[in-house]
Every structure is written in C-alpha cells, then in structure tokens.
Amino acid sequence: IDSYLERSFANYLKTNDPAVYCIDRIKALDYARQHNNMELLTKTLTQNAFCYEDASNFHIGIALLDEALDIVDKSEQLNANRKAMIYNATGSLYRNIGMHQQAYEQFEKAYQIWQTIDDKQDMFNMLHNMFSQSVKLGNWQQAQANVDQQFQLAHDAPQFKDLYFFANLNAGRLGLRTYDFQQAIFHLNKAIALKHTTQEHYFVSSSYLFLSLIHI
C-alpha cells in the first residue's frame, strides 16, 4: 500500500496529471480496504480524494474524506495530525471548484488543530492557504490578519528559514490587490531579497511577476 502511494507521489511530482498518478492511489485504496490498519486506510482515503477535483466528481472526493474523518473520530489511536490533513484536503477540494468560503473554513480547522500541537510549519502553510482564500473573497481585513499571523509565526519559528519570504510575498500580494503600491513594492523587494531561503521556485517567480505588475 505504501509503495503504491509513494510511486503515486513520484508520478505526481513528474506529471501533475491525475490520470497518471491516481492509478496507483486507486490500487492502494483497494488493498487498504482489505487490511485492518486504520492509519493506512485514512491516509489512502485522503490521498485518493485529490483524484476528484472537478465539479463533476468533487462529491466523490468529499465522500472519501468524510469516511476518513469518521474513522479518525472513532479511533483512539489516530493522532490530531491525521485529522488536520483531512481538513486540509477538504479545503483544497472546495478551493479547486471555487467555493472559497468553505475552503477557508476547512483550512482554518486544520490550522486550529496544528496549533494545539504547536506544529508551526503546518500552521504557516494553512495561513498561506487561508490568505489566498481571503483574497479570492475580497475580505481584506481577514487577509491582513492572516498576513500579520504569518509574520508572527516567522518571528516565533526562525528555524524555518523561508517563512519571512512567504510572509513578505503575501503582504506584497495584499498591497497589489488593495492598490497600496508602496506597501507592495516594499514587501516584494524584501521577498526577492530572501529568495535564497526557499526551494519554492514557483513562488520566487511569482514575486517578480507581482512586482512587474505593480510597476506597470
């Protein structure tokens, strides 16, 4: 089961095509249902949910996540981390079909769980997702609160070197969307100065893109 899931993840990184990487996830789920391993079953259910991201099959992914959540709620062995990952996956499905308020609420649930176990890196990841949904909703006050929390986490967790990069990137994005161009230029220049701290080249490129849009 783990081998199928790991190969699926490798194919996801290579292709980003569900038609390719979901073949192994479906096989893994078939095997997982034959074994009495709740940890592995919830993990496999959660990963399979990402195979149903379109409006036409979204309900299948949500049903898989509901099943996983039910298992976690009934089990004394499964930890909070597993439940948070289910909420994160649920938020991702809602986000993909444009249901941004529902997505925000699911990401916030995941954030609150990771907060209880002081998992600062996953807390930051959820704040990043929550910020993006706030922007989609045009809720600028909420978006600013999300950015403020990101800067606080970056201060509290200096061991995670790229948190200040992402906090500045998102502050710049907020400035762009609210027409506060001086704020946006300031924070995006700071993000670019910190580009060496992250492996996320997509977001480094995004920093340059947003900065060029502001100058235009």
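Please refer to the structure placed before this passage.
Here the structure is a predicted model, which is why all the values come from computation and not from measurement.

Engineer: Is there a simple way to explain the overall build of the protein chain in this structure?
Structural biologist: Of regular secondary structure, the protein chain possesses eleven helices and zero strands. Reading the secondary structure of the protein chain in the N-to-C direction produces α-α-α-α-α-α-α-α-α-α-α. Taking 2.2 N^0.38 as the reference for a compact globule, 216 residues should give roughly 17 Å; the C-alpha atoms of the protein chain span a radius of gyration of 19 Å, in line with that estimate. A principal-axis box enclosing the C-alpha atoms of the protein chain has dimensions of 60 × 35 × 30 Å. When the 216 residues of the protein chain are sorted by exposure, 46% land in the buried category. Here the protein chain has roughly 11,500 Å² of accessible surface; of this, 51% comes from carbon and sulfur atoms. Each charge class in the protein chain was averaged separately, 18 positive and 23 negative side chains, and the resulting centres sit 5 Å apart.

Engineer: Hey, could you run me through the layout of surface pockets in this one?
Structural biologist: One water molecule sets the probe size; rolling that probe over the atoms shows where empty space is left. By volume, the largest pocket amounts to about 1,800 Å³. Residue lining of the largest pocket: 43 residues in total, with Tyr12, Asn88, Ser92, Arg95 and Asn129 positioned closest to the centre. At the level of secondary structure, the elements contributing two or more residues to the lining of the largest pocket comprise α1 (2-15), α2 (18-32), α3 (38-49), α5 (80-96), α6 (100-116), α7 (120-137), α9 (163-177) and α11 (201-215). In terms of residue count, the dominant contributor to the lining of the largest pocket is α7 (eleven residues). The calculated volume of the second largest pocket comes to roughly 180 Å³. What lines the second largest pocket is His128, Ser132, Leu169, Arg173, Tyr202, Phe203, Ser206, Leu209 and Phe210. Broken down by secondary-structure element, the contributors of at least two residues to the lining of the second largest pocket are α7, α9 and α11. Among the elements that take part in the lining of the second largest pocket, α11 stands out by supplying five residues, more than any other. Looking at the lining of the second largest pocket residue by residue, the classes come out as five nonpolar, three polar and one charged.

Engineer: Mind showing me how you'd approach the packing of aromatic side chains here?
Structural biologist: Aromatic rings in a pair are described by how distant their centres are and how their planes are angled relative to each other. Under the defined criterion, the tally for this structure stands at nine aromatic pairs. Consider the rings of Tyr4 and Tyr31, whose centres lie 6.0 Å apart with planes at 10 degrees: the pair is stacked. With Tyr4 in helix α1 and Tyr31 in helix α2, this pair connects stretches of sequence that are 27 residues apart. Among the aromatic side chains, those forming a connected cluster through ring pairs are Phe165, Phe166, Tyr202 and Phe203.

Engineer: Would you mind going over the packing of helix α4 (residues 58-74) against α5 with me for this structure?
Structural biologist: Geometrically, a packed helix pair is captured by the angle between its two axes and the distance between the axes. Following both chains from N to C, one finds α4 and α5 inclined at 165 degrees, their axes separated by 10 Å at the closest point. With respect to their mutual orientation, α4 and α5 come out roughly antiparallel. Here the hand of the crossing between α4 and α5 comes out left-handed. The residues of α5 that touch α4, namely those facing Phe58, Gly61, Ile62, Leu65, Ala68, Leu69, Val72 and Asp73, are Arg82, Lys83, Ile86, Tyr87, Ala89, Thr90, Leu93 and Tyr94. Of the residues in the contact of α4 with α5, the class split is eleven nonpolar, two polar and three charged.

Engineer: I would appreciate a short explanation of the packing of α5 against α7 in the present structure.
Structural biologist: Interaxial distance between α5 and α7 falls to 12 Å at its minimum, and their mutual angle equals 20 degrees. Considering the angle they form, α5 stands roughly parallel to α7. The chirality of how α5 crosses α7 is left-handed. For the pair α5 and α7, the contacting residues are Asn81, Asn88 and Arg95 in the first and Asp122, Met126, Asn129 and Gln133 in the second. Classifying every residue of the contact of α5 with α7 gives one nonpolar, four polar and two charged.

Engineer: Got a minute to help me understand α1 in this structure?
Structural biologist: Note: α-helices contain 3.6 residues per turn, so residues at a spacing of three or four share the same orientation. Over its 14 residues, α1 runs 20 Å from end to end, which matches the ideal 20 Å to within 8%, given 1.5 Å per residue. Every buried residue of α1 is accounted for by Leu5, Ser8 and Asn11. Seen end-on, α1 carries its buried residues on one side only, within an arc spanning 125 degrees. Seen from the buried face of α1, the exposed residues on the opposite side, beyond 90 degrees, are Ser3, Leu13 and Lys14. Where α1 ends, the next residue or the one after it, Asn16, has phi of about 50 degrees, a positive value.

Parameters and conventions
- Residues numbered from 1 in each chain as written.
- Predicted model: local features only at pLDDT ≥ 70, side-chain atom pairs only at ≥ 80, totals over all residues.
- Heavy atoms only, no water.
- Helix = DSSP H or I, 4+ residues; strand = E, 2+ residues; numbered from the N terminus.
- Rg over C-alpha atoms; globule rule 2.2 N^0.38 Å.
- Buried < 20%, exposed > 50% of the residue type's maximum accessible area, 1.4 Å probe, protein only.
- Areas by Shrake-Rupley, 256 points an atom, 1.4 Å probe, with all protein chains shown as cover.
- Lys, Arg positive; Asp, Glu negative; His and termini not counted.
- Charge placed at Lys NZ, Arg CZ, Asp CG, Glu CD.
- 1 Å grid on protein atoms, 1.4 Å probe; cavity = no way out; pocket = protein on both sides within 12 Å on 5 of 7 lines; lining within 4 Å.
- Points joined across faces, edges and corners; volume = space filled by probe spheres on them.
- Nonpolar A, V, L, I, M, F, W, Y, C, P; charged D, E, K, R; others polar.
- Phe/Tyr/Trp six-rings, centres within 6.5 Å; stacked < 30°, edge-to-face > 60°.
- Axes fitted to C-alpha atoms, helices over the stretch in contact; angles between N-to-C directions.
- Parallel < 35°, antiparallel > 145°, perpendicular 65-115°, else oblique.
- Left-handed = near helix turned anticlockwise from the far one by under 90°.
- Contact = heavy atoms within 4.5 Å.
- Expected span 1.5 Å × (residues − 1).
- Arc of directions from axis to C-beta.

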